[in-house]
Amino acid sequence: KWLPARLPDLLPGSTVVGEEAVFADESVFTRLVGDDPVWIIDPIDGTWNFANGRPTFAVMVSLVFKGEVVRGWIYEPVTGTTVMGSRGDGVIFDGEPVQLNSNKRETGIVGTAARHLFQRAEQRSDVIENVFRPNCAGHEYVLILSGERAFSAYTKLLPWDHVAGSFLVTEAGGYSSLLDGARYDFARPEGNLLTAESFEMWH
């Protein structure tokens, strides 16, 4: 309730698209198509974890202007982990700049994959050492930004789950795209999204 009420005050003329608001009124989703600035929020990403007393959940916010993501934030309330970034200005992870570099990776590739992409990843044991199923998209993006995971692959692409995270990874030097090479269009969330710590790792 607090975020939708306060965020527009920071940027006059902006609107808000959130998971709960779209669930209540599907027409809210069309705000993503216009030229007005839009805040995309997921107040509790990892709802099952939160509801069952588990600490892995996140608050995600991103700012979109004329179809482009310009800022993103991920905050994990239990640990206090905070990641934020602005287009062209890089990414700050708990107060420190972060720059992704797959050349530092000395062990096998470890990542996260959902649904049928999990089976595809498991079959590539010659390349991938281990693959986990996601339980909180925001946390999975934090793991890439911290260097603990090399990639995440998703089949359900709702914007409040992925806009902030894919933007932050990209701004930190990583790469994010649909598996067919197309750009992730958050206003038409279709396809399979692969986000990796570098362009080379993505391929």
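Bear in mind the structure is a predicted one, so any value in this text is a computation, not a measurement. Counting from 1, residues in each chain are numbered in the order their sequence is written. Side-chain atom pairs in this predicted model are given and counted only at pLDDT of 80 or more, local residue features only at pLDDT of at least 70, and totals for whole chains, interfaces and linings cover all residues. The side-chain figures draw on all heavy atoms in the structure; neither hydrogens nor water molecules are used.

Caption draft 1: Structural view of the pairing of strand E5 (residues 81-86). Only when DSSP finds a minimum of two bridges between them are two strands counted as paired. Counting from the N terminus, the helices are DSSP H or I runs at least four residues long and the strands are E runs at least two residues long. Direction of pairing for strand E4 (residues 68-76) relative to E5: antiparallel, over a ladder of six bridges. Directly across from Gly-72, in E5, lies its bridge partner Gly-85. Following E4, the chain reverses through four residues before pairing antiparallel with E5; Gly-80 in that reversal takes a positive phi of roughly 80°. Where E5 meets strand E6 (residues 90-93), four bridges bridge the pair, whose relative direction is antiparallel. Note that in E6 the partner of Met-84 across the bridge is Ile-92. In textbook terms, the turn of a hairpin is the stretch between consecutive antiparallel strands, and for E5 and E6 this stretch comprises three residues, one of which, Gly-88, has a positive phi near 85°.

Caption draft 2: The arrangement of the environment of Phe-151 in detail. Mapped onto the fold, Phe-151 is located in strand E10 (residues 151-154). Judged by its relative accessible area of 9%, Phe-151 falls in the buried class. Think of it in three bands: residues with accessible area under 20% of the maximum for their type are buried, residues over 50% are exposed, and the middle band is partly exposed, with areas taken using a 1.4 Å probe on protein chains only.

Caption draft 3: Examining the sheet that holds strand E1 (residues 15-18) more closely. Across the sheet, which stays open at both edges, the seven strands sit in the order E1-E2-E3-E4-E5-E6-E7 with mixed pairing between neighbours. Looking at strand neighbours, the two that pair on one side only are E1 and strand E7 (96-98), the edges of this open sheet. Put simply, the sheet's adjacent strands are angled 20° from each other on average, direction ignored. Here E6 runs beside E7; their pairing, made up of three bridges, is antiparallel. Each bridged residue has a counterpart across the sheet, and for Phe-93 the counterpart in E7 is Glu-96. We call two residues contacting when some pair of their heavy atoms lies within 4.5 Å. Between N-to-C directions, angles cover 0 to 180 degrees, with each direction set by a line fitted to C-alpha atoms, over the stretch in contact for helices. Helix H5 (residues 137-146) contacts strand E2 (38-45), strand E3 (58-65), E4, E5, E6 and E7 of the sheet and is inclined by roughly 95° relative to E4. Across the face of the sheet, helix H6 (residues 159-171) comes into contact with E1, E2, E3, E4, E5 and E6 while running at roughly 100° to E4.

Caption draft 4: Examining the sheet that holds strand E12 (residues 193-196) more closely. The strand order across the open sheet built from five strands is E9-E8-E10-E12-E11, with neighbouring strands paired in mixed fashion. Across the chains shown, the open sheet's two edge strands, defined by having one partner strand only, are strand E9 (128-132) and strand E11 (175-178). Strand after strand, the sheet turns through a mean of 20° between neighbouring axes, direction not considered.

Caption draft 5: Molecular detail of the nonpolar core. By convention a nonpolar core is built from buried Ala, Val, Leu, Ile, Met, Phe, Trp, Tyr and Cys residues, the set being connected through side-chain atoms within 4.5 Å. Core analysis: the largest hydrophobic core is formed by 37 residues, its most contacted members being Ile-40, Tyr-141, Leu-145 and Phe-186. Mapped onto this core, the elements with two or more residues apiece are E2, E3, E4, E6, H5 and H6. Among the elements that line this core, the one with the most residues is H6, at six residues. If we ignore the near neighbours within four places in the chain, the residues touching Phe-186 are Phe-29, Leu-32, Ile-40, Val-64, Gly-67, Val-69, Pro-159 and Val-163.

Caption draft 6: Seen up close, the layout of surface pockets. Here the largest pocket defines a volume of roughly 520 Å³. Cavity means a closed set of points on a 1 Å grid over the protein atoms alone, one where a 1.4 Å probe fits but cannot get out, pocket means an open set with protein on both sides within 12 Å along at least 5 of 7 lines, and lining means a residue has an atom within 4 Å of a point. Lining the largest pocket are 16 residues, and of these Arg-124, Ile-128, Leu-194, Trp-202 and His-203 sit closest to its centre. Elements with a contribution of two residues or more to the lining of the largest pocket: helix H4 (116-123), E10, E12 and helix H7 (199-202). All residues other than Ala, Val, Leu, Ile, Met, Phe, Trp, Tyr, Cys, Pro, Asp, Glu, Lys and Arg, Gly among them, are scored as polar; the first ten of these are nonpolar and the last four charged. Considered class by class, the residues forming the lining of the largest pocket number 12 nonpolar, one polar and three charged. Grid points are joined across faces, edges and corners, and a volume is the space filled by probe spheres set on the points.

Caption draft 7: Spatial organisation of the pattern of salt bridges. Any carboxyl oxygen of Asp or Glu that lies within 4 Å of a side-chain nitrogen of Lys or Arg is treated as forming a salt bridge with it. For the structure on display, the rule yields five salt bridges. Glu-68 is the partner of Arg-87 in a salt bridge, and the nearest nitrogen-oxygen pair spans 3.8 Å. Highlighted residues: Arg-87 in the loop between E5 and E6 and Glu-68 in strand E4, separated in sequence by 19 residues. Assessed through its relative accessible area of 43%, Arg-87 is described here as partly exposed. With a relative accessible area of 37%, Glu-68 lands in the partly exposed category. A salt bridge links Arg-149 to Glu-140, with the nearest nitrogen and oxygen atoms 3.1 Å apart. Given a relative accessible area of 14%, Arg-149 falls into the buried group. Residue Glu-140 is classed as buried on the basis of its relative accessible area, which comes to 3%. Each of Glu-68, Arg-87, Glu-171 and Arg-183 takes part in one network of salt bridges that share partners.

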